[in-house]
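# Structural overview
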Amino acid sequence: MKILVLNSGSSSIKYQLIAMPGAGVIAKGIVEKIGLPQGAVRHQNQGEKALKLERRIANHTEGIEAILHILTDKEKGCIGSYKEIDAVGHRVVHGGEDFSGSVRIDEAVIESLRHNAVLAPLHNPANIAGIEAIKEILPDVPQAGVFDTAFHQSIPDYAYLYALPYSYYKEHKIRRYGFHGTSHRYVSAQAATFLKKDIKDLKLISCHLGNGSSIAAIRYGKSIDTSMGMTPNEGLIMGTRTGDVDAGIIQYILENEDLTPSGLNQLINKKSGLLGISGISPDMRELEASADSGDRRAILALQMFVYRLLKYIGAYTFALGGVDAIIFTGGIGENSHYIRGKIMEGLAFLGIRFENEKNKSIRSKTAKLNEDSSGIDLLVIPTDEERVIAMDTYEIVK
Ligand code: ADP
């Protein structure tokens, strides 16, 4: 069975064609700059060179047509016709309280996504556009939705509520939802397999560190807390997002600067975080290079990033009542031995014997960074959200 996995953003659509049940990637790519004058499709068949086609792409329907076109192109493509696509799996950002697992998409699901769009105004409309486009072009192909928020629906009310008047939860659905759930679910399951343990016996802390970063406390296979909240802004310091801030600061800024709500949104989501502190870049590689050459604000940004992460690891260790393994994933977690090394230094007081040389050599592959005798394992586990979407879609439609 061949499954097309789609991750539709506001101006891009990432895709992978995956063969199930083995989850081998047949081809992958991205449609970029939808709605802008210079759109492009970057496409790569497995084992071949990547190629780029430039053309204007007006909307998501045209974006999906472009994907299907290149997949079935006689020279550049990898399948003979659309008929070879058995199902489509969508990454959906916000399922609100309606979805605690992946689902087959029907009219009721689409209606619910529309309903939840107020919670993710940038993302859900793009996801819906992707679903509608497939409905139009491939009307007989079953579709499944895999939600970023679903894995965190097991978080108990005392952890997901904010201490605002309770009516704000009831009337406006203001609560913690959490994101990156597909990644946290996948790497925690992979960790259990790697450790040869049943996930039902494990207390895990999963650190997904990328441009967006979040951390999750996972007890016996279920998320019991996570750092992103009602929106992906809360928690860890990220590339351009503040993470936790004193809510009183928001009022102070609104009173003292001439900011509209969307200006405030830009400030806390696009101009803050590692970029805001360093004044250099949101990109960890660039910041590590600048810190290496002595830039004080790059050094400060990295210190803040590590300190916030360490605080959350401490908090979640207590939330879980102990921890068996800490997992690093995402672009930074999988690749930055500098950040991992700093966390290892922070955990050294626990008596864990780390393998510092091994840490330096690990990039995007599963590994344990401590000696076997340690009480807490420190693991690097590459995430693979597309694989999970393909697996869930396969289970739903097979
Ligand atoms: P996204 O959240 O957009 O999916 P990624 O998970 O790809 O992002 O993570 C991007 C981050 O990973 C960037 O800050 C990038 O600098 C960082 N990164 C990637 N490779 C390395 C590396 N070798 N060393 C340090 N950081 C890295």
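Everything that follows concerns the structure shown earlier in this document.
The notes below deal with the structure included here. For clarity, every value in this text was computed on a predicted model and none was experimentally measured. (Residues numbered from 1 in each chain as written. Predicted model: local features only at pLDDT ≥ 70, side-chain atom pairs only at ≥ 80, totals over all residues. Heavy atoms only, no water.)

## Here's the deal with the packing of aromatic side chains
Note the threshold: Aromatic rings from Phe, Tyr and Trp, taking only the six-membered ring of Trp, are treated as a pair when their centres fall within 6.5 Å; an angle between ring planes under 30 degrees marks them as stacked, one over 60 as edge-to-face, and anything in between as tilted. Buried residues are those whose accessible area, probed at 1.4 Å on protein chains only, stays under 20% of the maximum for their type, while exposed residues exceed 50% and partly exposed ones sit between those limits. Helix and strand definitions here come from DSSP, where helices need a minimum of 4 consecutive H or I residues and strands a minimum of 2 consecutive E residues; each element is numbered from the N-terminal end. Put simply, a charge is over a ring when the Lys NZ or the Arg CZ is close to the ring centre, within 6 Å, and near the line of the ring normal, within 35 degrees.
Enumeration over the complete set of coordinates arrives at four aromatic pairs. Between Tyr 160 and Tyr 169, the ring centres sit 5.8 Å apart and the planes meet at 55°, which makes this aromatic pair tilted. Tyr 169 matches Tyr 160 in its accessibility class, with the two residues each being buried. Arranged with centres 5.6 Å apart and planes meeting at 75°, the rings of Tyr 312 and Tyr 316 form a pair that is edge-to-face. A residue pair is termed a helical-turn pair when its members lie 3 or 4 positions apart in one helix, as Tyr 312 and Tyr 316 do in helix H11 (residues 296-320) at four residues. Judged by relative accessible area, which is 4%, Tyr 316 ranks as buried. Sitting over the ring of Tyr 169, Lys 173 keeps its end group 5.9 Å from the ring centre.

## Points about the packing of helix H1 (residues 60-71) against helix H3 (residues 124-137)
Inclusion rule: A fitted line through C-alpha atoms serves as each axis, taken over the contacting stretch for helices, and the angle formed by two N-to-C directions is quoted from 0 to 180°. When an angle is under 35 degrees it counts as roughly parallel; over 145 it counts as roughly antiparallel; between 65 and 115 it counts as roughly perpendicular; any other value is oblique. Take the far helix as your reference; a near helix turned counterclockwise from it by less than a right angle gives a left-handed crossing, and one turned clockwise gives a right-handed crossing. Contacts between residues were defined by any pair of non-hydrogen atoms, one from each residue, lying within 4.5 Å. Throughout this entry, Asp, Glu, Lys and Arg are counted as charged residues, while Ala, Val, Leu, Ile, Met, Phe, Trp, Tyr, Cys and Pro are counted as nonpolar. The remaining residues, Gly among them, count as polar.
Where H1 meets H3, the closest approach of the two axes is 8 Å, and the angle between their N-to-C directions is 60°. Judged by the inter-axis angle, H1 sits oblique to H3. For the pair H1 and H3, the crossing hand works out as right-handed. Contacts between H1 and H3 involve His 60, Thr 61, Ile 64, Glu 65 and Leu 68 from the first element and Ala 126, Ala 129, Gly 130, Ala 133, Ile 134, Glu 136 and Ile 137 from the second. Looking at the contact of H1 with H3, its residues break down into seven nonpolar, three polar and two charged.

## Considerations on the site of the ligand
The cut-off we apply is this: Residues are counted as near a molecule or strand when any one of their heavy atoms sits within 4 Å of it. Here a polar contact means two N or O atoms within 3.5 Å. Within protein one must be a hydrogen donor candidate and the other an acceptor candidate, and residues neighboring in sequence count only if both atoms are side-chain atoms.
In the region of the ligand, 13 residues are neighbours, and Asn 211, Asp 283, Met 284, Arg 285 and Gly 331 sit closest. Take Asn 211: an N or O atom from its side chain is 2.9 Å from an oxygen atom of the ligand. A distance of 3.3 Å is found between an oxygen atom of the ligand and a backbone nitrogen or oxygen belonging to Ile 332. Broken down by secondary-structure element, the contributors of at least two residues to the shell around the ligand are helix H10 (284-292) and helix H12 (330-335). If you tally residues by element for the shell around the ligand, the top one is H12, at four residues. Looking at side-chain class alone, the shell around the ligand contains two nonpolar, seven polar and four charged residues.

## Some remarks on unusual backbone geometry
Each neighbour pair has its own omega, and for Met 20 with Pro 21 the value is 10°, a cis peptide bond. The backbone of Lys 196 sits at a positive phi, close to 55°, despite the residue not being glycine. In this structure, Lys 196 sits in the loop between helix H6 (181-195) and strand S9 (203-209). Despite not being glycine, Tyr 220 shows a phi value in the positive range, around 55°. As for its position among the elements, Tyr 220 is in the loop between strand S10 (213-219) and strand S11 (222-226).

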